[in-house]
Amino acid sequence: MRPPRPGTRDDDLDLLLRLRRRRLRRRRRPLGLLIACAAVLVCAVVATTAAAVFAFGPACDLSDLKPVTIGQNSFVYAADGSLLGAIPAERNRQPIRLSHMSRWLTKATVAIEDRRFYEHGGLDPTGIIRAVWANIRARELVQGGSTITQQLVRNLYISRERTVKRKLKEACLAIKLNEKWSKRRILTTYLNQVYFGSLAYGAEAAAQTYFSRPARSLTLPQAALLAGLIKAPSAFDPFAAPAQALARRTQVLDAMLRTHAIDQEQHDWAVTRPLGLDPGRLYTRIREPYFFGYVRDQLIATYGAETVRSGGLKVYTTIEPRYQRLAEQAIRRVLDARTDPAAAIVSIQPATGAIRAMAAVIPGRRNNQFNLLSQARRQPGSTFKTFVLTAAVHMGIDPMTTYYVSAPFTYRPVANGNCDDGSWWCVKTYDSSYVGWTSVERATLRSDNTVYAQLTLDVTPARVAAMAKRLGVATPLDVHGAYVPALGLGSVAVSPLDMAAGYATIAAGGVRAEPTAIRKVVLANGSVDTRAGEGHSKRTRVLPDGEAAIVTKILEENVQYGTGTRAAIGRPVAGKTGTTTDNADAWFVGYVPQLDTAVWVGYPGGEIPMQNVHGIAVSGGSFPAEIWKLYMEQALAKVPVVDFRQPSKWPTWKPFHRGPYALGYDPYATPTVEIDTTPPKATVPAGAH
């Protein structure tokens, strides 16, 4: 039982216990049913595992545990054949004895990963029950039941199958390994092989990577931080997400306190310590670190961490080093002060999905390990309106002849609400200027929030989300399982890679090619691996070419005389600007037929307003458009100028009427005695409906 907090009285504890029992009685029936099901499930798991051990018998042989030969580095190459870097093997992964690791690290790892490690026989039915109970209480998956021994078997057992047979064999091997090896050997091997994130495999590499010190010198809070990374290195990466890393470290320290690995005084001291990161220099020689990290993650997802770091792979990628240099130069020419915001660029070849550039610059910071291109999620602002427009065109709505009122707009899903607490959605334009009745086409060129708020409601947020996903946005767009109307104005955070992928599909005439970073992988034996499908991006038509052409036409006009004029480069260009509330994020995403590029500008540490950068408030049409222009002019210097391809068939428009939430009159027009709900004939342009 957790000790009471200091200052808590016995009366308060009695009251809390009574309230807890009352809540439990209310939920007893459904919770009891869940517990009964869980008990049956656990019994079934235990029985099945026992049966598996008996069934596999001689076939469950420890000789199946075959780690990849240590010492065969994997190398990553750019599109021109130049070396980007090596994925570390033996020389960067330094196996050490358990006695050369901090005692805090072993205690922390056991406490958070497998508290009964020294008691169970390789499998832990008690741990499974505890995990099931925790998941039932949380109403979601918050704990797993795998032991350290099972995790070690999973790392050593070379198989990419995901079958019940494999899981049962793993269970059998875990039991046999526990019988064959001492607990000390199992823990030593585990801590020398487990992945801690940021390219660090094993305790020694992790200690050097995060704290620039050997594993034997780790303090209690440092060891707790590393132990917490094992579960999800990316989610708890202290370089990228310090708040999440601190919270996870506290969970580890709490677990150590519960298992009596530390006392209350040690716990309270460690919880208050700062992260104290001191990044090591183990991987500073890697070229293009953002792209390199993205490729490494892709490889691990396909081949597993053990094979990637020690399998002797030769990985040939799609990146163009010249484009990388041009991207960084363009950013530095525009944002040249140490206090300037960061910027990120992703370039994709629309026809193939090949990623040609993935670069970022954070002024005043070097060797940043957080991938702004694929890991960061920021609100895209009005660049997301392109997906609303595409969804509308796909429904048969003609953007040239469909009119809405440009005026302050309020969506009232509840009767007694207001704009301040968010119960109503109150929308204004970026510069608080309005033009009355206007077509969707013209509203796009003005980036009119009020028109697009009404259009999003008529198209429906669900259709907008479905279209964005269809075009290539991989980030989930729901908020607690629902799609909010503000989605259409870019309120849900996505990555620069998401935006580049979505626009690339439109640039390709509606054919989506999955973003591809890897052209081919050569295995250690010299053969090209054809199983993973590298270098053969899956191409799928997701939108008729006529619909894509309409969207491109409007985005072309936007660069010619809309919000994106600073991105004009003297050839056919289509693109859209985006600026979020208080200028915290600014975007320009645009394309020519041969290359699609997304530019994001903002502060990576949070949504910090960019109200005064070089004397101006940063918007999508300012620095992002300028960076895009500087980069694309140089990248396309030797690329032929071509027009966007004409479609095989233009869309067929359908009758459309504005929905019940749309404004029915222009509040800025000359008032009349009676206000009709339909547009006055004198003020509605011909062809409106």
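What you see is a predicted model, and the numbers here were worked out from it, not measured in a lab.

## Digging into the overall build of the chain
Within the chain, the regular secondary structure consists of 21 helices and 15 strands. By residue count, 52% of the 689 residues in the chain fall in the buried class. Here the contacts in the chain between residues at least 6 apart in sequence split such that 73% fall between residues at least 24 apart. A total of about 32,500 Å² of accessible surface is found on the chain, and carbon and sulfur atoms cover 53% of it.

## Section: the side chain of Thr456
When you line up the elements, Thr456 lands in helix α17 (residues 449-459). Those residues in contact with Thr456, other than ones at most four positions away along the chain, are Val388, Pro461, Val464, Pro485 and Gly488.

## Notes on the packing of helix α15 (residues 385-394) against helix α18 (residues 461-471)
Relative orientation and spacing of two packed helices are given, respectively, by the angle between their axes and the distance between those axes. Viewed as axis vectors pointing N to C, α15 and α18 meet at an angle of 100°, and their least axial separation amounts to 9 Å. The orientation of α15 relative to α18 falls into the category roughly perpendicular. Each of Phe387, Val388, Thr390, Ala391 and His394 in α15 lies in contact with α18, whose residues at this interface are Arg463, Val464, Met467, Ala468, Arg470 and Leu471. Tallied by class, the residues present in the contact of α15 with α18 amount to 7 nonpolar, 2 polar and 2 charged.

## Some words on the sheet that holds strand β15 (residues 595-602)
On the basis of which strands lie adjacent, the open sheet formed by 5 strands has the order β5-β4-β15-β14-β13 and antiparallel pairing. Here the strands that pair on one side only, and so sit at the sheet edges, are β5 (355-361) and β13 (574-579). The sheet shows a mean angle of 5° between the axes of neighbouring strands, taken without regard to direction. Here strand β4 (residues 342-348) pairs with β15 via 7 bridges, running antiparallel. By the bridge assignment for β15, Ala344 is matched with Trp600. Helix α14 (residues 321-334) rests against β4, β5 and β15 of the sheet, and its axis sits at about 35° to β5.

## Quick look at α17
A turn of α-helix holds 3.6 residues, and therefore any two residues three or four places apart point the same way. For α17, the tally of buried residues reaches 11 of 11 residues, placing the bulk of the element in the interior. Taken as a whole, α17 has its buried residues at Asn449, Thr450, Val451, Tyr452, Ala453, Gln454, Leu455, Thr456, Leu457, Asp458 and Val459. A positive backbone phi angle near 90° is found at Thr460, which sits one or two residues after α17.

## Quick notes on the sheet that holds strand β11 (residues 518-522)
The sheet built from 4 strands is open, its strands ordered β2-β1-β3-β11 with mixed pairing. The outermost strands of the open sheet, each flanked by one partner alone, are β2 (83-87) and β11. Here the average twist between neighbouring strands, direction ignored, is 20°. By the bridge criterion, 4 bridges tie strand β1 (residues 74-77) to β2 in an arrangement that is antiparallel. Considered in β2, the bridge of Tyr77 is made with Leu83. On the sheet, helix α12 (residues 289-303) packs against β1, β2, β3 (314-317) and β11 and is oriented at approximately 50° with respect to β2.

## Examining the packing of α14 against helix α21 (residues 623-635)
Running from N to C, α14 and α21 cross one another at 145°; their axes reach a closest spacing of 9 Å. In this structure, α14 crosses over α21, and the sense of that crossing is right-handed. Two secondary-structure elements touch here, α14 through Arg322, Tyr323, Leu326, Ala327, Ala330, Ile331, Arg333 and Val334 and α21 through Phe623, Glu626, Ile627, Leu630, Tyr631, Gln634 and Ala635. Residue classes in the contact of α14 with α21 are distributed as 11 nonpolar, 1 polar and 3 charged.

Thresholds, definitions, all that
Residues numbered from 1 in each chain as written. Predicted model: local features only at pLDDT ≥ 70, side-chain atom pairs only at ≥ 80, totals over all residues. Heavy atoms only, no water. Helix = DSSP H or I, 4+ residues; strand = E, 2+ residues; numbered from the N terminus. Buried < 20%, exposed > 50% of the residue type's maximum accessible area, 1.4 Å probe, protein only. Contact = heavy atoms within 4.5 Å. Areas by Shrake-Rupley, 256 points an atom, 1.4 Å probe, with all protein chains shown as cover. Axes fitted to C-alpha atoms, helices over the stretch in contact; angles between N-to-C directions. Parallel < 35°, antiparallel > 145°, perpendicular 65-115°, else oblique. Nonpolar A, V, L, I, M, F, W, Y, C, P; charged D, E, K, R; others polar. Pairing = 2+ DSSP bridges. Left-handed = near helix turned anticlockwise from the far one by under 90°.

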